[in-house]
Every structure is written in C-alpha cells, then in structure tokens.
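Residue-level listing of the chains:
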Amino acid sequence: MTRAEIQKIVTPILAIIIVLALWEFWVWYMGWPTYKMAAPSDLWPAFWQYRELFFINAWQTLWRTVVGLGLAVVVGTILGMIMGLSRVMNDALYPLLVGFNAIPKATVVPVVALIFIGQHDFNTILVAFMISFFPISVSIAIGLSTLEPEYRDILRSLGASRFTVFWKIALPKTLPEFFGALKVAVTLAFIGTNLVEIVTPHGRGLGSLFDSGRIASNYPLMFAVLIALAILGIVLYYFVVALERIFAGWAERRPT
Amino acid sequence: MRRAYRARRFLHGLAESVEERMRKLIEIENVTHAYRTVAGPLPVLDNLNLSIPQGKFCAVVGPSGCGKSTLTRLIAGLMFPDSGEVRLHGERVRSPRKTVGMAFQNPVLLEWRTILQNVILPLEIVAPTMAKAQKEARARELLAMVGLEDFEDKRPSELSGGMRQRASLCRSLVHKPDILILDEPFGALDAFTREDLWQLMHKLRAEEPFTALLITHDLRESVYLADQVVVLSGRPATTQFVLDIDMPGPRPIDMLYSTQSVDWLAQLRDQIEIAQGRGAKTEGAI
C-alpha cells in the first residue's frame, strides 16, 4: 500500500476515535448519569447484551430499506425519463411531485398504516420508497432534458432511432447525476424505514429496538441503536459509492 | 416510330439529368423556412439556393443568427423546409441518412468512451454487422492521419481542445460520408491550433476526398479551405453572393497573404457588411 492509500484509510478512523474520545470526556466532565446522556463506553455493553436482537433487527431494517430504494430507483427512473423526454409531461408532473415531496412523511406513516393495516413489511417499503424516489426522478429528468442537441444530432443524422440515442448517449451521460441522487436517496430511504419502525408498533427493525429502549428507559441501548443506524447508513452509502465507481467512474477527473 | 423516338429522347434526357444531378451532390432549391415561436412565425430562410458539386468544399458565411445552422439541419435531414427542396444525389431528403458526417463547435465526445471508441460510434449505427476489429482498424487509420495515434485509449477529458476537435473530425469521417457538415468546428480554438486544423483539413481531403459544407464566421478560414464561398444575407437568409476560390489544393497557409486572397477577403468583407445592412460599398448584389 502506498502512503496515500494508508492515509485514506487511517484519517477517517482517527477522526472517529477523536470524536468518540471528546464525547466520552464531555459526559465524564459534566458528570452526567446514563439516563441523561450515555457515554461511548456505555454503548458496547448495551450492544453486547442485546447483540442477537441487533443483528435480527438490523437485517430487517436493511432489507426493507434496500427493497424500498430499489423500487424508488425503478419508478424514479421511469418518471424521470417521462419528464425528461416530454416537455408536456414535465409540466404536468413537476408540481405534483414537488407537492408530494413536500408532505412530511411522518404524517403519511399513520395513513399508510391504516390503509394497509397489518402489512408491516409492505408499509415500511412503501414509505422508504415514497421518501426517496423524488431526487432520482428529478436528476434523471434534468439530465435528459439538458442533453445538448449536438449529442443527439451526431446519431440522429445517421438515422439512429430515439431509443438508440437514449441507450448510447442520454442514459450513460445521466449516470453521474443519477448516482449523485442515489447517494441522497439511500439516506432518505433509510430514514423512511426507521420512521415506520419507530412510529408503528410492530416490533421489527432497529427503529423498534430504539423504541423498546425508550419504553424501558434503557438509554445506553437507545444510543447504541443510533450508532448501529449510523454504521448501517455508512455501509449503504459506500455501497452506492462502489457502484458509482464501477458504472460512472469515468466522470471522476483523473489527475493529468 | 415517333413513339420510339420520343421514348429514346426521354431516356436520354433522364440519363443526362441523373448524371447532371450526380455531379451536384447537394442541391438546395428555393428553400424557405420559418420557426414557429410564441410570438408568431420567425422566418429564417427565404428562397435560399445553393448547390455543391461532388468533391467540392463549400463555405457558408453570414451574419450571426442568419439561419446557417438551420441549413445544416436541413441537409442532414433532421428538419424539413416549409417549402422548396433539399436534394442529395438528386434525391429529395426526407429523412436522416447514413451518408452524412457532422462536426460541431462543441466536439461532443462521449466522456465515458475512449477516443478510439468515440471515433467508432458512427460505425455502430451505420454498419452494425461490421467486425469490431475492422471498425477499430478504420478508426486507428484516421486517428493516425490526424496525429492522435498515441491517444487512442485516453478519455476525452485528458485531451486538449484542439486534440478533441481532431477526434471529433475523425468521428465525422469514419463511415466515409458522402457529405461532411461542419458547423463552426474551429470556432472555439485558439488562433494557432485553428491554423493547424485548417491545414489538417487539406491533408484529409488529399488522402480521402470528400464533399463538405462548412459554416463559419471566419472569412480567412472560408478562403483558405473552400472552393466556393457563399455569403448569406441577414435573417431571413437568402443567397446573397457566391465567390469561387479557384485554387487547386493543397494550399500552403501563406496563400492567405497573396494579393489574390486579400482581394477575395475584401470582397467577402463588403458582402458581409451588406448582409448586416450597413456600410454597403458595393451596391447591386442580389
């Protein structure tokens, strides 16, 4: 490994350790009991005690987030294509989407829970999807509608079909914007999943573990769940980054 | 007897006209076109006439916004005129065809492909069944001709503006188009790079003759590159003046400083001023 590579790994780890140390010191300095603010050293015992629950619930949260996000990618891309390729559809759909996106999803959760009563997996996926498809469709729509006409013309002048132009030029050209939006969407989907898990009492997912910590006044457990959520969020985010490297790595400027 | 005579005469006339038409690769006849805008129709071309014989290089100059780019889109079959006819090989243009190559001011290379793969792009559309190795060989041949043989595997972002434009020219020529449409391809380059590319155009023409229509704002460029310079009037554009640059290639760059060229440039300058509607020194153009 080169120096630069080692530095790339060591720097964030160091930053995390520093933050944890400051947090620990702060709690110790203020003399706070665990029911006011847990210190990092309280978290590991809490996690270890409930480690099985952590893994079961993390898996619940993870798969529902990923399915919701997958749905958001499919539907968001289709909506984005419709809006990006047709001006009329763009004018028609845009205000609707903006309005839909402006509705706080916390208010949607009880509505969805009432409509599809008892369908906890479905509800969770639905909310994760609803909260995360918007940035994807907007980015795809903008990417497609701002395609310079010359790009289209080099292929259209050879008699290429609209689909060929889309497949060979418009789609790959939109990929960097798509992945930018996906990085936002992955975090949003995660929030959506947890929202449902915390608000509706079904006892599944890290959100519900958080809620049981709250009910049992087990503050270290609540904090441990928050850290687990953060780790899961980081894992999902970097998974998207890895996909971006593979499919849109060309958009990264190489040092020349 | 009489009928046979008439038939023979008809066939003869037909053969003659086909030959005549073949010689004129592009014919634009009485083309009028207007864009439909919110504020009403915006006429851009008015009774425009233009013809380019096989193998000739035609430059079109005119004031800004006079409809020169519309002209390229009409020839490429990307648009159709309100009235009049655009013909390629004597055949009316009704749709885009595979025998056109285009290059623009913006080289529009695909950032996710290497230079070689960018040049191949038109072949993927025009000759989908051609073997990959064959496509690559053809692209390599052109890239070597423009001096990019060491940059085949680079990304467009790793190249300078002039090199990107060279790659763009290769892409427009890779499928051996009948007609090359150049919409100000050298407009955004610095003066020295531009002169390099002008000379490159002559070299390419010498190696692989093609017919070209060049849209430009640069009168020196038009005189150096073209066999025929057409001045369009201000919008709506019509053919205002045609200048034949009678000088067989390859032309040395210092031909631009000859008395003859200075005279041509002066004539064109006057015509542009007329087209812009001011300071007409020579009246009487159409």
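Quick caveat, the model's predicted, so the values are computed rather than measured.

Colleague: Where do I start with the interface of chain B and chain A in this structure?
Modeller: Interface size is commonly expressed as the accessible surface area that is lost when the partners come together. Opposite the 26 residues of chain B that make contact, chain A presents 20 residues. Surface buried jointly by chain B and chain A totals about 2,100 Å² across both partners, of which 68% is contributed by carbon and sulfur atoms. Of all residues in chain B, the largest losses of buried area upon contact with chain A belong to Val108, Trp112 and Ile125 of chain B, amounting jointly to 29% of the total for that side. Remark: the boundary between chain B and chain A carries 2 salt bridges. The partner of lysine 168 of chain A in a salt bridge is glutamate 124 of chain B, with the nearest N and O atoms 2.8 Å apart. On inspection of chain B and its partner chain A, the count reaches 3 residue pairs in polar contact (both at pLDDT 80 or more). Elements supplying a minimum of two residues to the side of chain B that touches chain A: β6 (100–104) and α3 (115–126) of chain B. Among the elements that make up the side of chain B that touches chain A, the one with the highest residue count is α3 of chain B (5 residues).

Colleague: Please explain the sheet that holds strand β8 (residues 211–215) of chain B as it appears in this structure.
Modeller: The pairing of strands in a sheet happens through backbone hydrogen bonds and is either parallel or antiparallel. Residue and element names in this part refer to chain B. The 6 strands are arranged β6-β7-β8-β3-β9-β10 in an open sheet whose pairing can be described as mixed. With partners counted over all chains shown, the strands left at the sheet margins are β6 and β10 (239–244), one partner each. Each adjacent strand pair in this sheet contributes to an overall mean axis angle of 15°, direction not counted. Two elements, β6 and strand β7 (residues 179–183), share 5 bridges in a ladder whose sense is parallel. Paired with glycine 101 across the bridge in β7 is leucine 180. Running over the sheet, helix α8 (residues 259–275) touches β3 (57–61), β9 (228–232) and β10 and is turned about 175° from β10.

Colleague: Please explain the sheet that holds strand β4 (residues 83–88) of chain B as it appears in this structure.
Modeller: Residue and element names in this part refer to chain B. Across the sheet, 4 strands lie side by side as β2-β1-β4-β5; this open sheet has antiparallel pairing. Two strands lie at the open edges of the sheet, namely β2 (40–53) and β5 (91–92), each paired on one side alone. One ladder, built from 10 bridges, connects strand β1 (residues 24–37) with β2; its direction is antiparallel. What sits directly across from tyrosine 35, in β2, is leucine 42. The strands touched by helix α2 (residues 68–75) are β1, β2 and β4; relative to β1, the strand with the most contacts, the crossing angle is about 120°.

Colleague: Would you mind going over the environment of serine 51 of chain B with me for this structure?
Modeller: Tracing the backbone through its elements, the reader meets serine 51 of chain B in strand β2. Setting aside anything within four residues of it in sequence, one finds serine 51 of chain B in contact with Lys24, Ile26, Glu27 and Gln228 of chain B.

Colleague: I tried to follow the side chain of histidine 33 of chain B on my own but got confused; where do I start?
Modeller: Residues and elements named next belong to chain B. Along the polypeptide, histidine 33 turns up in strand β1. A distance of 3.2 Å separates a polar atom in the side chain of histidine 33 from the backbone nitrogen of aspartate 82. Histidine 33 has contacts with Leu42, Pro43, Val44, Leu45, Thr70, Met79, Phe80, Pro81 and Asp82, leaving out every residue within four places of it along the chain.

Colleague: In this structure, what is going on with the pattern of salt bridges? I would like to understand it.
Modeller: Where charged atoms from two side chains of opposite charge come close, those side chains can pair. Residues and elements named next belong to chain A. Overall, the coordinates contain 22 salt bridges over all chains when judged by the stated rule. Among the ionic pairs, glutamate 197 bridges to arginine 64, the shortest N-O distance being 2.9 Å. With glutamate 197 in helix α8 (residues 162–199) and arginine 64 in helix α3 (residues 51–85), this pair connects stretches of sequence that are 133 residues apart. Of the two residues, glutamate 197 and arginine 64, both sit in the buried class.

Colleague: When you look at empty space enclosed by the protein in this model, what are you seeing that I'm missing?
Modeller: Think of a ball as big as a water molecule: rolled over the atoms, this probe shows where empty space is left. One pass over the full model with this rule turns up 1 cavity of 30 Å³ or more. In this structure, the largest cavity spans a volume of roughly 70 Å³. The wall of the largest cavity is formed by Ile154, Leu155, Ser157 and Leu158 of chain A together with Val100, Gly101, Met102, Leu121, Pro122, Arg171, Ser172 and His175 of chain B. Counting only elements with at least two residues in the lining of the largest cavity, the list comes to α7 (149–156) of chain A together with β6, α3 and α5 (161–173) of chain B. Ranked by the residues each element gives to the lining of the largest cavity, the list is headed by β6 of chain B, at 3 residues. When grouped by side-chain class, the residues that make up the lining of the largest cavity number 7 nonpolar, 4 polar and 1 charged.

Reading the values: rules and limits
- Residues numbered from 1 in each chain as written.
- Chains lettered and ligands numbered in written order.
- Predicted model: local features only at pLDDT ≥ 70, side-chain atom pairs only at ≥ 80, totals over all residues.
- Heavy atoms only, no water.
- Contact = heavy atoms within 4.5 Å.
- Buried area = accessible area lost by both parts, 1.4 Å probe.
- Salt bridge = Lys/Arg side-chain N within 4 Å of Asp/Glu carboxyl O.
- Polar contact = N/O pair within 3.5 Å; in protein donor to acceptor, adjacent residues only side chain to side chain.
- Helix = DSSP H or I, 4+ residues; strand = E, 2+ residues; numbered from the N terminus.
- Pairing = 2+ DSSP bridges.
- Axes fitted to C-alpha atoms, helices over the stretch in contact; angles between N-to-C directions.
- Buried < 20%, exposed > 50% of the residue type's maximum accessible area, 1.4 Å probe, protein only.
- 1 Å grid on protein atoms, 1.4 Å probe; cavity = no way out; pocket = protein on both sides within 12 Å on 5 of 7 lines; lining within 4 Å.
- Points joined across faces, edges and corners; volume = space filled by probe spheres on them.
- Nonpolar A, V, L, I, M, F, W, Y, C, P; charged D, E, K, R; others polar.

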